[in-house]
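One-letter residues, chain by chain:
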Amino acid sequence: MRGYVLKKVGWSIGTLLFVVVFNFFLFRLLPGDPIGLYTRGRNMSPEQLIRLRQQLNRPVGEQFVEYLANPFASAINSTRFNRPVWEIIGERVWPTVLLVGAAVLAAALAGVWLGIRSGWRRGSRFDRITTGTTNTLYAMPEFWVGMMLIMWLPFFPSGGINSVGVSGFLATAVDTLWHMVLPVTALAVVYLAEYTSIMRASLVDELRQDYLTLARAKGLREDLVRRRHAVPNALLPTMTLIFLNLGFVIGGAITVEYVFSWPGLGLLTAEALRGPDIPLLQAVFLLFSLGVIVFTLVADLLYAVLDPRVSTR
Amino acid sequence: MTAIAWQRRRATAARFWADFRSHRSALVGLGILLFFGLVAVFASVLADPAGLDVTKATAPAHAAPSAGYWLGTDQNGRSVLTLLIHGTRVSLIVGLAATAIAIVIGTVVGVMAGFYGGWARSTLMGFTDWFLVIPFLPLAIVMATVLGASLLNIVIVIGVTSWPGTARLVCAQTLSVRERPYLERARALGGGDWHQMTRHILPNVMPLVLAHVVLTVSVAILSETTLSFLGLGDPTRPSWGYILDNAYGTGAMSNGEWWFVLPPGLCVVLVVLAFTLVGRALEVVLNPRLREGP
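As the structure is a prediction and not an experimental result, all values here were calculated from the model. (Residues numbered from 1 in each chain as written. Chains lettered and ligands numbered in written order. Predicted model: local features only at pLDDT ≥ 70, side-chain atom pairs only at ≥ 80, totals over all residues.)

1. Thoughts on the overall build of chain B
The helix and strand tally for chain B stands at twelve helices and zero strands. The C-alpha extent of chain B, read off along each of the three principal axes, is 75 × 45 × 40 Å. Restricting to contacts in chain B with at least 6 residues of sequence separation, those with at least 24 account for 71%. (Helix = DSSP H or I, 4+ residues; strand = E, 2+ residues; numbered from the N terminus. Contact = placed C-beta atoms within 7 Å.)

2. Observations concerning the overall build of chain A
Of regular secondary structure, chain A possesses 13 helices and zero strands. Ordering the α and β elements of chain A from the N terminus gives α-α-α-α-α-α-α-α-α-α-α-α-α. By principal-axis analysis of the C-alpha atoms, chain A measures approximately 85 × 55 × 35 Å. Evaluated residue by residue, chain A yields a buried proportion of 36% over its 313 residues. (Buried ≥ 20, exposed ≤ 12 C-beta atoms within 10 Å, placed from the backbone.)

3. Some remarks on helix 8 (residues 169-207) of chain A
Taking 1.5 Å of rise per residue, the 39 residues of helix 8 of chain A would be expected to cover 57 Å, yet its terminal C-alpha atoms sit only 49 Å apart, more than 12% below that figure. In helix 8 of chain A, a bend of some 40° at A:Met180 exceeds every other bend along the element, and A:Pro183, a proline, comes one to four places later. (Expected span 1.5 Å × (residues − 1). Bend = angle between axes of the 7 residues up to and from the residue.)

4. Side note on the environment of B:Pro138
Mapping B:Pro138 onto the fold places it in helix 6 (residues 136-147). Linking B:Pro138 and B:Thr82, residues 56 residues apart in sequence, is a C-alpha distance of 31 Å. Apart from residues lying up to four places away in sequence, B:Pro138 is in contact with A:Ile250, A:Thr269, A:Val284, A:Phe285 and A:Phe288.

5. Quick word on the interface of chain A and chain B
At the junction of the two partners, chain A supplies 41 residues and chain B supplies 32 residues. Of all the elements in the fold, those that place two or more residues in the side of chain A that touches chain B are helix 1 (2-28), helix 6 (125-138), helix 7 (142-152), helix 11 (246-259), helix 12 (265-273) and helix 13 (278-306) of chain A. In terms of residues, the side of chain A that touches chain B owes the most to one element, helix 13 of chain A, which gives eight residues. Of the residues in the side of chain A that touches chain B, the class split is 30 nonpolar, ten polar and one charged. (Nonpolar A, V, L, I, M, F, W, Y, C, P; charged D, E, K, R; others polar.)

6. As for the environment of B:Leu30
Residue and element names in this part refer to chain B. Counting through the fold element by element, Leu30 comes out in helix 2 (residues 24-41). When the 17 C-beta atoms within 10 Å are taken as the criterion, Leu30 is described as partly exposed. Separated by 244 residues in sequence, Leu30 and Ala274 place their C-alpha atoms 6.6 Å apart.

7. Brief notes about unusual backbone geometry
Glycine aside, a negative phi is what most residues show, and trans is what most peptide bonds show. At A:Ser261, a position not held by glycine, the phi torsion is positive, near 45°. Examined against the element boundaries, A:Ser261 turns out to sit in the loop between helix 11 and helix 12.

Here you go:
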């Protein structure tokens, strides 16, 4: 078990290192004049410009070592906001966590329920309708769902996280919830499809197992066979896949936040694109990758703890 | 000899088609794809490409659907229907070309890793896993920003970021094919690595890859739409995502201009759904193990 944990942690660190290296060199390939972009429209003395250029004129290796020493260095400024990138990111993390957390939770609960119902009665009318619907939902771009919701449900707020002039903790919370309805729906609807099909597939995998026959032979009611035996086993791979699909969720969050002007990391990414604001884009990419790597690691470790069948050697 | 071979091939194809035809949803998907394929091929006949030129637009902007403009006009007075028809071409080309890149990279990496095994496999699959973990859209955004907005770059970005799934599938399949007796025979007869890989392994891996290809196209088209929506597409070649970007940017939703928002998204959903349906059916037909038998 310890070897397994070490191996997984080592792999995660290796992946992170790869991302950092990639992040550094990719942006060095960028055509154009980074200093020109950085200083456009600002009052800067020629000496300052020369100093900035000298920084970029140093050997790539030296710059790389410096970057490697601290990719989260607070000194890097965003070209768009003219503030340290990590300070901006710090402000934007929580709205994204709130939005994505709510959407994933809602989608996972509903998806697991739908997956169980349709997988258990495979081929039934309910199953056919669910599968058809999930296939269709899966084909929808999240942002388009968001746009349609804004157009057809105009009584919900179409953007932002809070209305102007709302104060007090309770009022703000209710207002935020009210603003969350549409973006969470847009995100959840698409993941619902994903989670339903995962849950259905893993339940169908269990259906052929001998232990279900045994449970029935013991005289258990069909309901109990499903609840006590099949579902717990099918739930395990589903939970892991939900964790592993987080990278996919981030993609959806970027476009949905953009559509709803939700002040999170996704909107920040979309804003960083116009310009482009390279330091900010670099930092956001690093953070997203870090998040996914950590969640992958957690999923791997959880799976090994929860499922004794996983080889941990 | 060849006559027998052809006879067998024809019989296999007939059986394949009969199997495929039993999936009704796959036939629906195929029909949808045929329709959009024809629209893409005859785009210039169906709608004059001059209608894409902003400077030649004569209609009022943001006009509702009328006899002359079945799906209304965009913010520049261009017909949305014309944009849609030509967008079909762009979306399909990007989807197919990006998939081609992804499949080539994925197959080469997968076959090499599976065939040579050992450290080659650990290195290549480790690399694949890295790519699999890095979140797709941020990576694509970063690459598209670095490369700049053009049709070719979008194809490259999507192709280069969506091969890991193929590589894993091909690698697993190669591993199982490698151990079969006919490869031992090929080796005993003096077949080199190249001969074994191209003549024996590839033909056996390809059927599974085919189903995967079709599913990859649907993801690639969705990715293209997303990237274009974020303004990373080629502004001179309007795609469905580009129309949605314009609709969003000019406030089509708050003005209730459904003709500007609904049709492009519907096209994306139909094409992606069609590819998914066909791909799932192919998977079941080509890989009997996936069949959800009684």
